[in-house]
Amino acid sequence: MTSQLDFFAPAAARLPKAEKERKAAGRETTQKTVPDDEALAGYLESTGNYRILRRLQPRAVIERPRPGFPRRGVILDTETTGLDHRTDEIIEIGVIAFTFDDQGMIGDVTGIYGGLRQPGVAIPEEITRLTGITDDMVAGQTIDIDRLTSLVTDADLIIAHNAGFDRPFCETFSPIFRDKAWACSVKEIDWRARGFEGNKLGYLIGQSGYFHDGHRAVDDCFALLEVLEQERPGQTGTPFAELHEASRLSRVRIYAENSPFEMKDHLKKRGYRWSDGSDGRPKSWWVELPEERLEEELHFLRTEIYRWDADPTVKYLTAFDRFKAG
């Protein structure tokens with residue numbers, strides 16, 4: 001006779017023996033035929049109905065890097081308490097050192113450092129929401145400047161995804177960054193020509209087929225390294241090769257000082273930006289261009305803006321002084 005308690009027993013326990021054996025055999029068959037993750041991802045992609053993002057795996061540090069990559073590069077990212085290097089502070093820095101050659105081919109990762117730092121003020125709530133870094137996490141923390149120096153000192157090129165932001169903060173933090181060549185992976189790579197919808201790191205890593213834990217310094221460095229080396233179908237050379245080549249070119253910054261007020265819309269339409277003089281630059285409209293376009297731009301200013309043979313201030317820039325404050 002069946003007890004009322006039997007109805008509350010596990011379902012498998014109430015099955016007839018033959019049914020139990022059939023289900024057990026089914027489970028065994030299923031377990032044997034389930035494909036591995038990559039095979040399953042490949043199948044879904046092959047249907048044309050799915051796009052798969054794979055978790056980005058950090059590269060291993062190689063103690064004895066391969067020969068043939070004589071250059072030293074550093075990918076750097078910072079998290080800060082705000083946007084102004086004169087008043088805000090670094091709360092996290094991440095660095096990945098790697099080798100590369102003169103053609104812009106990446107070799108091996110040779111060093112990694114990530115460190116937190118307690119600032120002189122409480123971390124704003126919006127920064128914590130963005131980065132996940134809290135006051136408790138940075139309490140008593142300092143950046144290991146000796147370790148950082150060991151990775152940066154021999155670098156031929158420092159790359160940041162928005163070097164105009166990171167370089168001033170880094171140079172304010174330590175002089176080890178001041179006499180280095182810097183490159184910007186936002187401004188010095190034509191991402192749209194490479195088929196990307198934007199230049200934010202989240203777009204780049206997602207459209208490259210990966211996902212990662214964003215807005216932490218070392219994680220973002222690894223993500224950028226992966227994107228920089230990826231060569232997409234139909235393209236010649238990697239994004240890093242393009243960036244490396246751009247870093248070797250000279251550029252000019254032209255300041256249209258004392259330009260007529262009524263010409264401001266013409267300048268803005270041509271790509272000029274306004275500087276109020278607070279960052280050390282002349283108070284004027286200005287633009288930065290490849291050096292080979294200098295004479296063309298001076299002709300435009302003299303004929304379309306000033307209407308006389310003016311001599312605007314021109315500053316020549318290399319990777320050693322690009323992206324500095326001011």
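What counts, and where the lines are drawn
- Residues numbered from 1 in each chain as written.
- Predicted model: local features only at pLDDT ≥ 70, side-chain atom pairs only at ≥ 80, totals over all residues.
- Heavy atoms only, no water.
- Helix = DSSP H or I, 4+ residues; strand = E, 2+ residues; numbered from the N terminus.
- Contact = heavy atoms within 4.5 Å.
- Salt bridge = Lys/Arg side-chain N within 4 Å of Asp/Glu carboxyl O.
- Buried < 20%, exposed > 50% of the residue type's maximum accessible area, 1.4 Å probe, protein only.
- 1 Å grid on protein atoms, 1.4 Å probe; cavity = no way out; pocket = protein on both sides within 12 Å on 5 of 7 lines; lining within 4 Å.
- Points joined across faces, edges and corners; volume = space filled by probe spheres on them.
- Nonpolar A, V, L, I, M, F, W, Y, C, P; charged D, E, K, R; others polar.

Visitor: I keep staring at the side chain of Thr 238 and nothing clicks. Help me out?
Guide: Residue placement: Thr 238 occurs in the loop between α9 (217-229) and α10 (239-247). Apart from residues lying up to four places away in sequence, Thr 238 is in contact with Gly 104, Arg 194, Leu 228, Glu 229 and Glu 231.

Visitor: Which parts of the structure should I look at to understand the pattern of salt bridges?
Guide: Between side chains of opposite charge, a pair can form when the charged atoms approach closely. Counted by the stated rule, this structure contains 21 salt bridges. Notably, a salt bridge pairs Glu 38 with Arg 54, separated by 2.7 Å at the nearest N-O pair. Remark: Arg 54 occurs in strand β1 (residues 54-55) and Glu 38 occurs in helix α3 (residues 37-46); sequence separation between them is 16 residues. Residue classification places Glu 38 among the partly exposed positions, given a relative accessible area of 46%. The shortest N-O distance in the salt bridge between Glu 297 and Arg 270 comes to 2.9 Å. Remark: Arg 270 occurs in the loop between α11 (264-269) and β9 (273-275) and Glu 297 occurs in helix α12 (residues 294-306); sequence separation between them is 27 residues.

Visitor: Would you take a moment to explain the layout of surface pockets for this structure?
Guide: Using a probe with the size of a water molecule, rolled over the atoms, empty space left in the structure can be pinpointed. Put simply, the largest pocket is a space of about 960 Å³. When contributions to the lining of the largest pocket are tallied by element, the ones reaching two or more residues are α7 (163-173), α10, β8 (251-256), β9 and β10 (284-290). Sort the elements by how many residues they give to the lining of the largest pocket and β10 lands first, with five residues. Across the lining of the largest pocket, the residue classes break down as 13 nonpolar, eight polar and 18 charged. Its volume calculated, the second largest pocket comes out at about 640 Å³. Of all the elements in the fold, those that place two or more residues in the lining of the second largest pocket are β2 (71-80), α4 (125-131), α7, α8 (201-207) and α9. Here the element with the most residues in the lining of the second largest pocket is β2; it accounts for six residues.

Nothing here speaks to function; it is all geometry.
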